[in-house]
Amino acid sequence: MKPDLLFPYRLYLVISEADCQGRDPLWVAEQAILGGVDIVQLREKQLDTDAFLLNAARLKAVTDRYGVPLVINDNLAVAVQLGAWGIHVGQRDLPPSLIRKVWTDGCSVGYSIEQPEQLYSKETEASDYLGISPVFSTATKTDTIIEWGMDGIRQIRQRTSKPLVAIGRMDRTNAADAIRAGADCIAVVSAICSADSPRDAAAELKELINNAL
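Residues numbered from 1 in each chain as written. Predicted model: local features only at pLDDT ≥ 70, side-chain atom pairs only at ≥ 80, totals over all residues. Heavy atoms only, no water.

Chemist: So, the sheet that holds strand β8 (residues 185-188): which residues are in play, and what are the values?
Modeler: Think of a sheet as strands paired side by side through backbone hydrogen bonds, with each pair either parallel or antiparallel. The strand order around the closed barrel built from eight strands is β1-β2-β3-β4-β5-β6-β7-β8, with neighbouring strands paired in parallel fashion. On average, each strand axis in the sheet is inclined to that of its neighbour by 25 degrees, with strand direction left out of account. Alignment of strand β1 (residues 11-15) against strand β2 (residues 39-42), held across four bridges, turns out to be parallel. Its bridge partner lying in β2, L13 is registered against V40. (Pairing = 2+ DSSP bridges. Helix = DSSP H or I, 4+ residues; strand = E, 2+ residues; numbered from the N terminus. Axes fitted to C-alpha atoms, helices over the stretch in contact; angles between N-to-C directions.)

Chemist: Can you break down unusual backbone geometry residue by residue, with the values?
Modeler: Trans peptide bonds make up the majority, and among non-glycine residues the majority have a negative phi. In this structure, P134 follows S133 across a cis peptide bond, with omega equal to -15 degrees. Its identity as a non-glycine residue notwithstanding, D74 has a phi of 75 degrees, on the positive side. Examined against the element boundaries, D74 turns out to sit in the loop between β3 (70-73) and α3 (76-82).

Chemist: Quick rundown of helix α1 (residues 25-35)? Include the residues and the values.
Modeler: Listed in full, the buried residues belonging to α1 are V28, A29, Q31, A32, I33 and G35. On its buried side, α1 packs onto β1, β2, α2 (49-65), α8 (190-193) and α9 (198-212). Taking the backbone nitrogen of L26 as reference, a side-chain oxygen 2.9 Å away marks D24 as the first, capping residue of α1. Just past α1, the residue G36 takes up positive phi, approximately 135 degrees. (Buried < 20%, exposed > 50% of the residue type's maximum accessible area, 1.4 Å probe, protein only. Contact = heavy atoms within 4.5 Å. Polar contact = N/O pair within 3.5 Å; in protein donor to acceptor, adjacent residues only side chain to side chain.)

What follows is the structure, given as structure tokens:
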């Protein structure tokens, strides 16, 4: 199915303090943006709301400087207070239908799909784009139900026109394959955050994605 063209982003950075391994997350994010990252999601599962909001405000100053959308992971209070571009939630977070009722001023809602039957729900309908989670299992996500793989991307692409973001151990070895399988966007964590040069890593990934389109 043809994807929704209202989501033009190809390289999606998911970042947190822990992911940056002691380096300044603001520096990592800026370098990644300079390398080609189109959209940034801040994921801070270990911080309380006040600390999350402080980090988010600092990061938003960077993303705003480059005209890059900032997505907040899971925390609706932070997303609303910050005036973020959007929020991303999973199956055990606030449902998109409820987010729409609370945050009414045009926010974008991303929603992770972990099982095929979740494609056919009011929550999926209420979302703007879908995270295919995970394409490949990771050590940081221990509650994985299935591992989608490239075949999973192909199956989901056939069943929905919503933009698809592939996440889960995505890197230079599989980004192009995921795009060819039907993903519209690649979400990356360690492949950029842990790279010696986040800028070079992002540039390489962006080139691989563009060449696969």
